Amino acid sequence: MVLLYLDFTKKLIEREKALVQQVVKNSTDSVFGIDPGSTKIAVFDHDTMDQSRARVTFFILGSSENSIQLRKRLLEVVNQSISKELKNLGIEFYLQEPNIYVDSPMTM
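Analysis parameters
- Residues numbered from 1 in each chain as written.
- Predicted model: local features only at pLDDT ≥ 70, side-chain atom pairs only at ≥ 80, totals over all residues.
- Heavy atoms only, no water.
- Helix = DSSP H or I, 4+ residues; strand = E, 2+ residues; numbered from the N terminus.
- Buried < 20%, exposed > 50% of the residue type's maximum accessible area, 1.4 Å probe, protein only.
- Contact = heavy atoms within 4.5 Å.
- Areas by Shrake-Rupley, 256 points an atom, 1.4 Å probe, with all protein chains shown as cover.
- Phe/Tyr/Trp six-rings, centres within 6.5 Å; stacked < 30°, edge-to-face > 60°.
- Lys NZ or Arg CZ within 6 Å of the ring centre and 35° of its normal.
- Pairing = 2+ DSSP bridges.
- Salt bridge = Lys/Arg side-chain N within 4 Å of Asp/Glu carboxyl O.

Visitor: Sorry if this is basic, but what is going on with the overall build of the protein here?
Guide: Helix and strand counts for the protein come out as two helices and five strands. Seen in sequence order, the protein has helices and strands lined up from the N terminus as β-α-β-β-α-β-β. For the protein, the residues scored as buried account for 37% of the 108 residues in total. Within the protein, contacts between residues at least 6 apart in sequence are counted, and of these 71% link residues at least 24 apart. When the accessible surface of the protein is split by element, carbon and sulfur atoms take 52% of a total near 6800 Å².

Below, the structure written as structure tokens:
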């Protein structure tokens, strides 16, 4: 599972939130190696700041420790796609370092 946050430079209006959700979904669903339909996107406003944030979770197929480099590369591809599309729409954001969770086999 990959968890990432997009922090926007302003509060997004509903139309922009819908665009962000569509861009993220299209960007993750179109990349080979990401479980189709696994992307969950939540866009919310900060209570104390005049900004919005999106929390994105998605699953990369395979859960082996050996696939961590592949996971990082797939994440780079997704980030490039999201960044390009949101810039084209005039939506500014910055990306926090993503968290990558890997299931490890239990040892006996």
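Visitor: What is the right way to look at the packing of aromatic side chains in this model?
Guide: Within a pair of aromatic rings, the relevant descriptors are the distance that separates the centres and the angle that separates the planes. Throughout the structure, instances matching the rule amount to one aromatic pair. Taken together, a centroid distance of 6.1 Å and an interplanar angle of 50° make the contact between Phe8 and Phe93 tilted. Of the two residues, Phe8 is situated in strand β1 (residues 2–8) and Phe93 in strand β4 (residues 93–95); the sequence distance between them amounts to 85 residues. Here Phe8 falls in the buried class, since its relative accessible area comes to 0%. Residue class for Phe93 comes out buried when judged on its relative accessible area of 19%. Directly above the aromatic system of Tyr5 lies the positively charged group of Arg53, at a separation of 4.4 Å from the ring centroid.

Visitor: What am I meant to see in the pairing of β1 here?
Guide: With respect to burial, β1 is a largely interior element, six of its seven residues being buried. Relative to strand β3 (residues 52–58), β1 runs antiparallel, the two sharing six bridges. Within β3, the position partnered with Tyr5 by the bridge is Arg55. For β1 and strand β5 (residues 99–100), the ladder comprises two bridges, and the chain directions are antiparallel.

Visitor: I'm lost on the pattern of salt bridges in this one. Help?
Guide: Following the criterion strictly, the structure yields five salt bridges and no others. Here Arg53 and Asp7 are joined by a salt bridge, their closest N and O atoms 2.6 Å apart. Here Arg53 is found in strand β3, whereas its partner Asp7 is found in strand β1, with 46 residues between them in sequence. Per residue, the accessibility class of Arg53 equals that of Asp7, and both read buried. Because the salt bridges share partners, they merge into one network encompassing Glu14, Lys17 and Asp45.

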